[in-house]
Amino acid sequence: MHASSPEHDGCLDCLAGAHELRESPDQPSALSKTLSLAAVATEDQMCCIPMLGAFPGSTSSTSRVGSRLLGEDRPAGTRGLPWVPLEPRQGPSGYRVTGGRTDPPANPPGASQGAAGNYTPHNAQRCARPMATRRGAGRPRGGEVGCALRCGRSAARPGGMAAVTALALGGTLLLAAWRWLRRAVRAAGAGASMRGKTVIITGANSGLGRAAATELLRMRARVIMGCRDRARAERAAREIRAELGEPEEAEGGGELVVRELDLASLRSVRAFCHRVLQEEPRLDVLINNAGIFQCPYMKTEDGFEMQFGVNHLGHFLLTNLLLGLLKNSAPSRIVVVSSKLYKYGEINFEDLNSEISYNKSFSYSRSKLANILFARELARRLEGTGVTVNSLHPGIVRTNLGRHVNIPLLAKPLFNLVSWAFFKTPLEGAQTSIYLASSPDVEGVSGKYFGDCKEEELLPKAMDDVVARKLWDISEVMVGLLK
């Protein structure tokens, strides 16, 4: 809109941009409401809103819209906002607005006559003035700002877009540099040797487990990958060896072995442990890493709810069957991967199998709370044996664990961008597992909970020893360790 347009008559920025507003205490604040509404438009460099119905004879559509914004269902021009012409400040720069109810003059000084007889408080001289700023405010002075700026036709708009683009680009580059630096620092911190040590990692063919297997193999450990899908595990093992330039059996350690292990089947868990006990002379580290996340309601081979069965019961049986070998290999370590989401879980002994009600999010949180309670109770039982037990949360990591979570198709690009920017990579997420498995800093530390390679506090419900013991006793019966 231009200055000669009837729609532009009574523009807020033109009338009151740099002028003092004064309201009488005993008058309604309709003017303040008008200015507040219009200020939103001018701050965003949108087209100025006319002084809603302020001028007799005004019939603009925006005046009618403005009347509705004020909550006044009336024809435009039937009521007028109060105006009192005062002396111009620094030349023809408009007039002071007050709360009085004096009608505008027919032709105040410095004003022009617009279309339909409307009061036009600015003229060509004023619109041609360069932009200036108010004293101490850093904002444009309404009396000296070009009309194009007030009406959203500012020449600075392309510059503003360029600034936003430059800011976004700069932020992206800084984020990429930060992620690269963090990854470099993490990799540099993994320098311990695991030569001569045997490590079992469940779910080692992808995500956190694969990242941990890669780094521990790099440290020259003998890594046993316990995976449900043997074909995928073999493929992952080949890729890890190729990445590290390792032969299938490296002299002096660094061996990668694949074994089939389905934690949703107690029969598979027993077969896996039987083979390990037959073939392995020692076991130095057990990392209970595998898990399933927020799946629809389904049951394991043995009739347990899938998340509780895999995340807790499968690992419970696995660990107990390997305890003898771990004790014989002491000092040895057990690492239990939990989640921060344990905070939203509760152990309901009346419905551990979710047969009365099922919520996939709650069930996942419950299984992760069970992981922590199991680790604490196991640590208590293993005191003095040389076997330590610690639990951890990896943070928010980009893995395929959320394959059962449905993300709307249109939201996927945004989700992918956010996950790239703010989620950890599998290698970053696996750092705490690697730390607890290999670092001399945690030698002898047991029964603790870690995040980002630091000990963290637990909620009281995760430190309830009575609940932990009861869960242990029930789990023994569920997996068949006790008849």
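Please read all numbers here as calculations on a predicted model, not as lab measurements.

S.K.: Before we go on, may I ask you to explain helix α9 (residues 266-279) in this structure?
M.R.: Across its 14 residues, α9 extends 20 Å between first and last C-alpha, which sits within 8% of the 20 Å expected from 1.5 Å per residue. Considered for burial, the residues of α9 that qualify are L266, S268, V269, F272, C273 and V276. Taken around the axis of α9, the buried residues stretch over an arc of 155 degrees, which confines them to a single face. In this structure, α9 carries R267 and Q278 as exposed residues pointing more than 90 degrees from its buried face. Summarising the contacts, the buried residues of α9 are in contact with β3 (198-202), β4 (222-227), β5 (256-260), α10 (306-328) and α15 (465-479).

S.K.: How do you make sense of the pairing of β3 when you look at a structure like this?
M.R.: Successive side chains on a regular strand alternate, one facing one side of the sheet and the next facing the other. For β3, a buried count of five out of five residues is recorded, marking the element as mostly surrounded by other parts of the structure. Because side chains alternate across β3, one face comprises the buried residues T198, I200 and T202, and the other comprises V199 and I201, equally buried. In the sheet, β3 pairs with β4 via five bridges, with the strands oriented parallel. If you follow T202 over to β4, its bridge partner there is G226. Pairing analysis gives three bridges linking β3 to strand β6 (residues 285-288), with the strands arranged parallel. Directly across from I200, in β6, lies its bridge partner L286.

S.K.: Would you mind going over a nonpolar patch on the surface with me for this structure?
M.R.: On the surface, V477, L481 and L482 cluster together to form a nonpolar patch covering roughly 230 Å² of accessible area. Inspection of the secondary structure puts L481 in the segment after α15. The class for L481 is partly exposed, based on a relative accessible area of 31%.

S.K.: Explanation requested: the packing of α10 against α15 in the structure shown.
M.R.: The relative placement of two packed helices comes down to the angle between their axes together with the axis-to-axis distance. Interhelical geometry of α10 versus α15 gives an angle of 85 degrees and a closest axis separation of 10 Å. In terms of orientation, α10 and α15 fall into the roughly perpendicular class. Of the residues in α15, those touching α10 at F308, H312, L313, F316, L317 and N320 are L471, W472, S475, E476, M478 and V479.

S.K.: Looking at this model, I keep getting lost on the confidence of the model for the chain. Mind explaining?
M.R.: A low pLDDT score tells you not to read the predicted coordinates there in detail. Residues at a pLDDT of 70 or more form 57% of the chain, whose mean pLDDT is 74. This model gives residues 109-156 a pLDDT under 50, and the stretch forms 111 contacts once residues within four places in sequence are excluded.

S.K.: Which parts of the structure should I look at to understand the packing of aromatic side chains?
M.R.: For any pair of aromatic rings, the description consists of the separation of the ring centres together with the inter-plane angle of the planes. Going through the model one piece at a time under the given rule, you end up with seven aromatic pairs. Taken together, a centroid distance of 4.9 Å and an interplanar angle of 65 degrees make the contact between Y297 and Y358 edge-to-face. On the criterion of sequence distance, the pair formed by Y297 in the loop between β6 and α10 and Y358 in the loop between β7 (332-337) and α11 (360-381) is long-range, its members being 61 residues apart. Seen in terms of ring centroids, F316 and W472 are 4.9 Å apart; in terms of plane orientation they differ by 75 degrees. Their pairing is edge-to-face.

S.K.: Can you walk me through the nonpolar core in this structure?
M.R.: Considering soluble globular proteins, one finds that nonpolar side chains tend to be buried as a cluster. Counting 51 residues, the largest nonpolar core has I200, F272, L318, L322, I334, L378 and V389 as the members making the most contacts within it. Examining the composition of this core, we find that 11 residues originate from one element, α10, more than from any other. With residues up to four places along the chain from it excluded, the contact list for I200 reads I224, F272, V276, L283, V285, L286, I287 and L322.

S.K.: How should I be thinking about α10 in this particular structure?
M.R.: A turn of α-helix holds 3.6 residues, and therefore any two residues three or four places apart point the same way. Its 23 residues place the ends of α10 32 Å apart at the C-alpha level, agreeing with the 33 Å of an ideal helix rising 1.5 Å per residue. N-cap assignment for α10: the residue whose side-chain oxygen lies 2.9 Å from the backbone N of Q307 is E305.

S.K.: Can you help me understand the side chain of R241 in this one?
M.R.: By secondary structure assignment, the location of R241 is in helix α8 (residues 230-244). Among the polar contacts listed, one links the side chain of R241 to the backbone oxygen of L256, at a separation of 2.9 Å.

S.K.: Would you mind showing me how to read the sheet that holds strand β8 (residues 387-393) here?
M.R.: Sheet strands line up and pair through hydrogen bonds in the backbone, either parallel or antiparallel. The eight strands are arranged β5-β4-β3-β6-β7-β8-β9-β10 in an open sheet whose pairing can be described as mixed. If you trace the sheet from one side to the other, it starts and ends with β5 and β10 (454-455), each paired once. Pairing analysis gives two bridges linking strand β9 (residues 449-451) to β10, with the strands arranged antiparallel. Looking at the pairing, F450 lines up with E455 of β10. Helix-sheet contacts for helix α7 (residues 207-218) involve β3, β4, β5 and β6, and the interaxial angle to β3 is about 165 degrees.

S.K.: So what exactly am I meant to see when it comes to the environment of Q431 here?
M.R.: Take Q431: it is sitting in helix α14 (residues 431-438). Taking the relative accessible area as the measure of exposure, Q431 reaches 9% and is therefore buried. Distance in space between the C-alpha atoms of Q431 and G451 is 9.3 Å, their sequence separation being 20 residues.

S.K.: Help me out: how do you make sense of the packing of α11 against α15 in this one?
M.R.: Running from amino to carboxyl end, α11 crosses α15 at an angle of 90 degrees, the nearest separation of the two axes being 9 Å. In terms of orientation, α11 and α15 fall into the roughly perpendicular class. Contact residues: A370, L373, F374, R376, E377, L378, R380 and R381 in α11; D465, V467, A468, R469, L471, W472 and D473 in α15. Taken together, the residues that form the contact of α11 with α15 break down as eight nonpolar, no polar and seven charged.

Criteria and cut-off values
- Residues numbered from 1 in each chain as written.
- Predicted model: local features only at pLDDT ≥ 70, side-chain atom pairs only at ≥ 80, totals over all residues.
- Heavy atoms only, no water.
- Helix = DSSP H or I, 4+ residues; strand = E, 2+ residues; numbered from the N terminus.
- Expected span 1.5 Å × (residues − 1).
- Buried < 20%, exposed > 50% of the residue type's maximum accessible area, 1.4 Å probe, protein only.
- Arc of directions from axis to C-beta.
- Contact = heavy atoms within 4.5 Å.
- Pairing = 2+ DSSP bridges.
- Patch = residues over 30% accessible without salt bridge, like charges linked within 9 Å, V, L, I, M, F, W, Y side chains within 5 Å.
- Areas by Shrake-Rupley, 256 points an atom, 1.4 Å probe, with all protein chains shown as cover.
- Salt bridge = Lys/Arg side-chain N within 4 Å of Asp/Glu carboxyl O.
- Axes fitted to C-alpha atoms, helices over the stretch in contact; angles between N-to-C directions.
- Parallel < 35°, antiparallel > 145°, perpendicular 65-115°, else oblique.
- pLDDT = per-residue confidence, 0-100.
- Phe/Tyr/Trp six-rings, centres within 6.5 Å; stacked < 30°, edge-to-face > 60°.
- Core = buried A, V, L, I, M, F, W, Y, C linked by side-chain atoms within 4.5 Å.
- Polar contact = N/O pair within 3.5 Å; in protein donor to acceptor, adjacent residues only side chain to side chain.
- Nonpolar A, V, L, I, M, F, W, Y, C, P; charged D, E, K, R; others polar.

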